[in-house]
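# Topology and contacts: notes
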Amino acid sequence: MKILDGKGAVLGRLASFAAKQALKGEDIIVVNCKEIIITGRRKFTEENFRRKRGRVGTAQKGPKVSRLSHIIVKRAIRGMLPEHRWGRGREAFKRIKCYPDVPKEFESQEKITFNDNKTNFIKIRDISK
């Protein structure tokens, strides 16, 4: 079992690492999903997520994206798995757990960190408001 700390981690790098480890058979737990960052221009990122969410009360088309931070992270990891509905992709996706904060049972355990010094980014907690 590997515990990944999302504080200051870039979403894409963390998601690709988690997907690779899950495909190898490891159980993956991602904590601090609120603190994961998405690089790029803030305005473009906010508009992209707002467009994907859709509006409630109208004729909705397309995929719906959750506002919860841990579900946004899990969806990014799912996108890096091969065919998450069948076979080994499905088995790997079942081994991944995401939490918005650090649960009490994982506070004292060792965590893998991904610290990158980025200047142009937005945190997932700002998107999920």
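Heads up: the structure comes first, above all this text.
Residues numbered from 1 in each chain as written. Predicted model: local features only at pLDDT ≥ 70, side-chain atom pairs only at ≥ 80, totals over all residues. Heavy atoms only, no water.

### With respect to unusual backbone geometry
Of note in the backbone geometry, Asn32 takes a positive phi value of approximately 60 degrees without being a glycine. The backbone of Glu83 shows a phi angle near 45 degrees, a positive value even though the residue is not glycine. Positionally, Glu83 belongs in the loop between helix H3 (69-79) and helix H4 (87-94). By relative accessible area, Glu83 is classed as partly exposed at 40%. (Helix = DSSP H or I, 4+ residues; strand = E, 2+ residues; numbered from the N terminus. Buried < 20%, exposed > 50% of the residue type's maximum accessible area, 1.4 Å probe, protein only.)

### With respect to the side chain of Gln21
Tracing the chain through its elements places Gln21 in helix H1 (residues 11-23). What makes Gln21 buried here is its relative accessible area of 8%. Residues within four places of Gln21 in sequence aside, it is in contact with Lys2, Glu26 and Ile28. (Contact = heavy atoms within 4.5 Å.)

### Here we look at the nonpolar core
Core analysis: the biggest nonpolar cluster contains 25 residues, and Leu14, Val30, Ile36, Val73 and Ile77 have the highest contact counts within it. Counting residues per element, the ones that place at least two in this core are H1, strand S2 (28-31), H3, strand S4 (96-98) and helix H5 (124-127). Element by element, the count of residues in this core is highest for H1, at 6 residues. When sequence neighbours within four positions are dropped, the list of residues in contact with Val30 reads Leu4, Leu14, Ile36, Val73, Ile77, Lys97, Cys98 and Tyr99. (Core = buried A, V, L, I, M, F, W, Y, C linked by side-chain atoms within 4.5 Å.)

### Let's talk about the pattern of salt bridges
Taken as a whole and assessed by the stated rule, the structure comprises 7 salt bridges. Here Glu35 ties to Lys123 by a salt bridge, and the two come within 3.1 Å at their closest N and O atoms. Of this pair, Glu35 sits in the loop between S2 and strand S3 (37-39) while Lys123 sits in strand S6 (residues 121-123), and the two are 88 residues apart along the sequence. Between Arg85 and Glu83 there is a salt bridge; the shortest N-O distance is 3.7 Å. Exposure remark for Arg85: the relative accessible area of 52% places this residue in the exposed category. Overlapping salt bridges bring together Glu35, Lys123 and Arg125 as one network. (Salt bridge = Lys/Arg side-chain N within 4 Å of Asp/Glu carboxyl O.)

### Things to note about the packing of aromatic side chains
By the definition in use, this model includes 2 aromatic pairs. Look at Phe17 and Phe114: their rings are 5.3 Å apart centre to centre, the planes differ by 65 degrees, and that puts the pair in the edge-to-face class. Residue Phe17 is found in helix H1, and its partner Phe114 is found in the loop between strand S5 (112-113) and S6; the two are separated by 97 residues along the sequence. Residue Phe114 is classed as buried on the basis of its relative accessible area, which comes to 17%. Ring geometry for Tyr99 versus Phe106: centroids 5.9 Å apart, planes at 45 degrees, classification tilted. For Phe106, a relative accessible area of 8% corresponds to the buried category. A cation over an aromatic ring shows up here: Lys74 above the ring of Phe93, its NZ or CZ 5.0 Å from the ring centre. (Phe/Tyr/Trp six-rings, centres within 6.5 Å; stacked < 30°, edge-to-face > 60°. Lys NZ or Arg CZ within 6 Å of the ring centre and 35° of its normal.)

### Some points on the side chain of Glu35
The exposure class assigned to Glu35 is buried, which follows from its relative accessible area of 17%. Once residues within four sequence positions are removed from consideration, Glu35 is found in contact with Gly6, Lys7, Gly8, Lys123 and Arg125.

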